[in-house]
Amino acid sequence: DFRVEARKGKEIVLEKLVSIYTSQDKKVTIPEKHSRMAIDKMINYDRELELSARAWKNIWDELDINVAGDRKAQKLIRLHLYHMLVTASPHHKDLDAGIPPRGLHGEAYRGHIFWDELYILPLYNIHFPEVVKSVLMYRFRRLDRAKDAARENGFRGAMFPWQSGSDGREETQIVHLNPVSGKWGEDYSRLQRHVSLAIAFNLCNYYNVSGDKAFMMKYGSEMLFEICRFWASKCEYDREKEGYHISKVMGPDEFHEKLPGSKEGGLTDNAYTNVMVSWMMSKTIEFFEKLGEDEKEKLRNKYKINDEELERWRHISSQLLVRVNDDGIIEQFRGYFDLKELDWDAYREKYGDIHRLDRILKAEGKSPDDYKLAKQADLLMVFYNLGFEKADRILRKMGYELPGDYIRRNFDYYIARTSHGSTLSRLVHADLAYRLGDYEKAWRMYMEALSSDLVDIQGGTTGEGIHCGVMAGTVYMVLSVFCRLDLSGDEPSLCPDLPSHWKGVKFNFTFRDTHFRVAIFRETLEIIADKSLKEKIKVHICGEKINLERGRIFKMNLNK
C-alpha cells in the first residue's frame, strides 16, 4: 500500500523491482534468501535498465550479422537473432531445459522439446557453446528415462522420445484432431525415432567445434554409445539381401505414417534414418578410436564397450539397406515408388493453400499414405545435415554406386512432390538449391523461409509461437551457404558465394577457443583471429591453407 499526496497535473510514478528464484535454480537452496539478496543490490529502475542494455549489447555484438546491400534481409536476419536471444542466451546456461521449437513465445506443442535443435544449435555452437552444452545436458539428465523406454519396447540402449517434457518421458499424443474434417485420427508421430540421431548429430557438432573432450568423456560418449546400441538392436539382418533393415519408424516427412492398407504404424528402410544411422555409427567409432589408450580403457570399463560391439556397429554402418532406382533416385522408404502420383495442379486449383495436404486428403476420405508426397524434406535432409561430399562418402561406404548428378536428380524428384507443410522445408530446399547453383529458386525459397513468421506464412501458426528452427536456420545459412563457412573439419574453411545483389557480410565465430572476425566483400575477404590461445592459426580460404597471426588482419583478393 502507498499513501501519496496527489496534485492536479503532477505525474505519479511507481517503480516495482522484482526478483524471482526457485528451488530448481542451480545452486539455490533457499529461494527467498537469494531473492532478497538480489533486491538489496538493486538501486532503481534506470540503473537496472542500464545494466540490461549493457548485457544485451555484449551478446548482440557477438551474434550480430551485418549485411550490406539488402535492407530487407538485414532486418529479417536481425529479427530472427533477437527472437533466438530471447529464447536462449548465455544467461540461461544453468537452466535444465532444452529449446522449445516455438520458443517461449506461445503455447504450441505445450513447450515440448523435439528435434528442432538440429537446426538451432549450429548457430549457438559458434557463439555461445555454453548454451549448447546446457541443452545437451538436458538430454543427458533424461538418459535413464530413455534407457527405460528402450527396454520397455524390447530394445537396448536409449530410445529418446519424439516429444520430451520435464521428466523425459514420451509426451506425444496418440490421436490427432484434423481441423479440416473435424475428426480425430490415430497419430503415429512418436515413431520418429530419428530424434536420437539429431541428438547424436548435435553432440558430434558440439565436440568438433568446441573441442570439449572433458564433456564428451563424462557425458557425451555415454549418450552416443547408448544411441548406437538402440539402433543396433533395432536393425534386422536380411541374409538374402546381405544387409540390415530398420522397420517401424517414420522419417522427417510426417505425411507417411505407414504403408497403404497396413494396420500397423511405421515404415521400413526410411532412407534418411538408415543413412544417418550409418553416419552416426561411423562417427562414434571414429571418436572412440581417436582417444588415447587410457581414455579408451576408461570408457570400456565404465560403459562396457568392447571390440565386438564396435565391430558390429562398423558392420551395420556399411550394410544398411536403401533402394535406388535406375535413374539414381533413392527411395524415401521401402514401397514409396509403388505409391500413386498426386495431381498437384488440381489440388492447388481446388484448395489454393495445400501445405497441409494430409489434412485435406483425410477430409476427402483419402490417405496421404497412398501418394508420393511429403510435408517437408526427408531423404534430402541427409545432404542438408552432412553436406554433399560427406553424404556421398557414407552412401558409397554403404555400397551404393550412384550417377554423378544423383543429388541434383533426387532434389528435382522430391521437391516436385513436397508441399512444404513445415517452414523448415523451405529452409532445407533453399540451402540445397543454392549449393546446386539454382540461385533463383534458392533465393525465392530462402526469402519465404526468412519472412515466414513475419507474414505468418502458414495462416495463424505464428500466433502460437515463432518457429525457432527456421529462425536460427535462416541466420546460420548466411554463414554456412552464402559465406561457405565449414567447421566440420579440424580447421575452419571459408569460400564465399554471396547472393549477387549483396555487397558484403560481416560476422564473428568461435572455433576451438579461437575467436574470429570476418568481413566479406564482392572482391575481398578480411579475417582476424582476435582472441586465441595460439600464435599461429590455420584456416582454409577457397582451398588455400592460410596461417593467420593472432591479432593481425589477413586480406585476400577473391577475384584471383
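Structure: see above.
In this text the structure is predicted, and so the values were computed from the model without any measurement.

Draft legend 1. Quick peek at the overall build of the protein. The secondary structure content of the protein amounts to 18 helices and twelve strands. Its C-alpha atoms give the protein a radius of gyration of 25 Å, near enough to 24 Å, the size a compact globule of 560 residues would have. Based on the C-alpha atoms only, the size of the protein along its principal axes is roughly 85 × 60 × 55 Å. A burial count over the protein gives 54% of its 560 residues as buried. Pairs at least 24 residues apart make up 63% of the contacts formed inside the protein by residues separated by at least 6 positions.

Draft legend 2. The pairing of strand 4 (residues 235-238), seen in detail. Taken together, the four bridges between strand 4 and strand 5 (residues 243-246) define a ladder with antiparallel strand orientation. The residue bridging Asp238 from the neighbouring strand is Gly243, located in strand 5. Once strand 4 ends, the chain turns through four residues before running back antiparallel as strand 5, passing Glu242 with a positive phi of about 55°.

Draft legend 3. Focus on the packing of aromatic side chains. Tallied over the full model, the rule gives 35 aromatic pairs. The interplanar angle of 70° and the centroid separation of 4.7 Å between the aromatic rings of Tyr434 and Tyr439 together place this pair among those described as edge-to-face. Grouped by ring-pair contacts, the aromatic residues Tyr109, Phe114, Trp115, Tyr119, Trp162, Tyr272 and Tyr384 constitute a single cluster.

Draft legend 4. The arrangement of the environment of Tyr207 in detail. Assignment of secondary structure puts Tyr207 in helix 7 (residues 195-210). For Tyr207, a relative accessible area of 23% puts it in the partly exposed group. For the pair formed by Tyr207 and Leu357, sequence separation is 150 residues and the distance between their alpha carbons is 39 Å. Those residues in contact with Tyr207 that sit more than four places away from it in its chain are Asp212, Lys213, Met216 and Phe287.

Draft legend 5. Structural detail: the sheet that holds strand 6 (residues 493-494). Overall, mixed pairing links the three strands, which are arranged 6-10-11 in an open sheet. The open sheet is flanked by strand 6 and strand 11 (544-549), the only strands paired with a single partner. Where strand 10 (residues 536-541) lies against strand 11, six bridges are found, and the strand directions are antiparallel. Pairing of Lys536 across the sheet is with Glu549, part of strand 11.

Draft legend 6. Focus on the pairing of strand 7 (residues 504-511). Buried residues dominate strand 7, accounting for seven of its eight residues. The pairing of strand 1 (residues 66-68) with strand 7 spans three bridges and is classified as antiparallel. Residue pairing in the sheet places Val67 in a bridge with Val505 of strand 7. Examined bridge by bridge, strand 7 and strand 8 (residues 514-521) share eight bridges and lie antiparallel to one another. Across the sheet, the residue bridging to Asn508 is Arg517, located in strand 8. Two successive antiparallel strands, strand 7 and strand 8, enclose a turn made up of two residues, where Arg512 displays a positive phi of approximately 50°.

Draft legend 7. Spotlight on the packing of helix 9 (residues 271-289) against helix 14 (residues 381-397). At a closest axis distance of 10 Å, the pairing of helix 9 and helix 14 adopts a crossing angle of 75°. Comparing the axis directions of helix 9 and helix 14 gives the class roughly perpendicular. Listed contacts from helix 14 to Tyr272, Val275, Met276, Ser278, Trp279 and Ser282 of helix 9 are Met381, Val382, Asn385, Leu386, Ile394, Leu395 and Lys397. Classifying every residue of the contact of helix 9 with helix 14 by side-chain character gives nine nonpolar, three polar and one charged.

Draft legend 8. A look at the nonpolar core. Counting residues in each nonpolar core, the largest one holds 158 residues, and the members touching the most others are Ile77, Trp115, Trp231, Tyr446, Phe482 and Phe507. The element that contributes the greatest number of residues to this core is helix 8 (residues 213-234), accounting for twelve residues. Residues in contact with Trp231, not counting those within four places in the same chain, are Arg193, His194, Ser196, Leu197, Ile246, Val249, Thr273, Val277, Met280 and Met281. Tyr347, Ile354, Leu357 and Ile360 belong to the second-largest nonpolar core, a separate cluster that totals ten residues.

Draft legend 9. How the structure looks around the packing of helix 16 (residues 423-435) against helix 18 (residues 468-482). In the contact formed by helix 16 and helix 18, the axes pass within 9 Å of each other and the chain directions differ by 5°. Judged by the angle between their axes, helix 16 and helix 18 are roughly parallel. Across from Thr423, Leu424, Leu427, Ala430, Asp431, Tyr434 and Arg435 in helix 16, the residues of helix 18 making contact are Gly469, Val470, Gly473, Thr474, Met477, Ser480, Val481 and Phe482. Its residues assigned to classes, the contact of helix 16 with helix 18 shows eight nonpolar, five polar and two charged.

Draft legend 10. Representation of the sheet that holds strand 7. With antiparallel pairing, five strands are arranged side by side in an open sheet as 1-7-8-9-12. The sheet is open, and its two edges are formed by strand 1 and strand 12 (554-557), each paired on a single side. Pairs of neighbouring strands in the sheet enclose a mean axial angle of 20°, with direction left out of account.

Draft legend 11. Here's a closer look at the pattern of salt bridges. Applying the stated criterion across every chain, the model contains 51 salt bridges. For Asp167, the salt bridge goes to Arg145, with nearest N and O atoms at 3.4 Å. Here Arg145 lies in helix 6 (residues 143-152) and Asp167 lies in the loop between helix 6 and strand 2 (175-178), a separation of 22 residues in the sequence. Owing to a relative accessible area of 30%, Asp167 belongs among the partly exposed residues under this scheme. Overall, Arg145 belongs to the partly exposed group, its relative accessible area being 36%. Of the charged contacts, one joins Lys375 and Glu254 as a salt bridge, the two residues approaching to 2.8 Å between their closest N and O atoms. Linking Lys375 in the loop between helix 13 (357-363) and helix 14 with Glu254 in the loop between strand 5 and helix 9, this pair joins segments that are 121 residues apart in sequence. By relative accessible area, Lys375 is classed as buried at 11%. Overlapping salt bridges bring together Arg145, Asp167, Arg169 and Glu171 as one network.

Draft legend 12. Highlighting helix 11 (residues 307-319). Taking 1.5 Å as the rise per residue, helix 11 with 13 residues should run 18 Å; its terminal C-alpha atoms sit 18 Å apart, in good agreement. Along helix 11, the residues classified as buried are Glu309, Leu310, Trp313, Ile316, Ser317 and Ser318. Two or three places before Glu308, at the start of helix 11, stands the capping residue Asn306, its side-chain oxygen 3.1 Å from that residue's backbone nitrogen.

Draft legend 13. Spatial organisation of helix 14. Given a rise of 1.5 Å per residue, 17 residues ought to cover 24 Å, yet the end C-alpha atoms of helix 14 are separated by just 18 Å, more than 12% below that figure. The largest bend along helix 14 measures about 110° and falls at Gly387. Judged by how many residues are buried, helix 14 sits mostly within the fold: twelve of 17 residues are covered. All of the buried residues in helix 14 are Met381, Val382, Phe383, Tyr384, Asn385, Leu386, Gly387, Phe388, Ala391, Asp392, Ile394 and Leu395. Elements that come into contact with the buried residues of helix 14 comprise helix 4 (117-125), helix 7, helix 9, helix 15 (406-415) and helix 16.

So, how was this worked out
Residues numbered from 1 in each chain as written. Predicted model: local features only at pLDDT ≥ 70, side-chain atom pairs only at ≥ 80, totals over all residues. Heavy atoms only, no water. Helix = DSSP H or I, 4+ residues; strand = E, 2+ residues; numbered from the N terminus. Rg over C-alpha atoms; globule rule 2.2 N^0.38 Å. Buried < 20%, exposed > 50% of the residue type's maximum accessible area, 1.4 Å probe, protein only. Contact = heavy atoms within 4.5 Å. Pairing = 2+ DSSP bridges. Phe/Tyr/Trp six-rings, centres within 6.5 Å; stacked < 30°, edge-to-face > 60°. Axes fitted to C-alpha atoms, helices over the stretch in contact; angles between N-to-C directions. Parallel < 35°, antiparallel > 145°, perpendicular 65-115°, else oblique. Nonpolar A, V, L, I, M, F, W, Y, C, P; charged D, E, K, R; others polar. Core = buried A, V, L, I, M, F, W, Y, C linked by side-chain atoms within 4.5 Å. Salt bridge = Lys/Arg side-chain N within 4 Å of Asp/Glu carboxyl O. Expected span 1.5 Å × (residues − 1). Polar contact = N/O pair within 3.5 Å; in protein donor to acceptor, adjacent residues only side chain to side chain. Bend = angle between axes of the 7 residues up to and from the residue.

These figures capture arrangement, not role.
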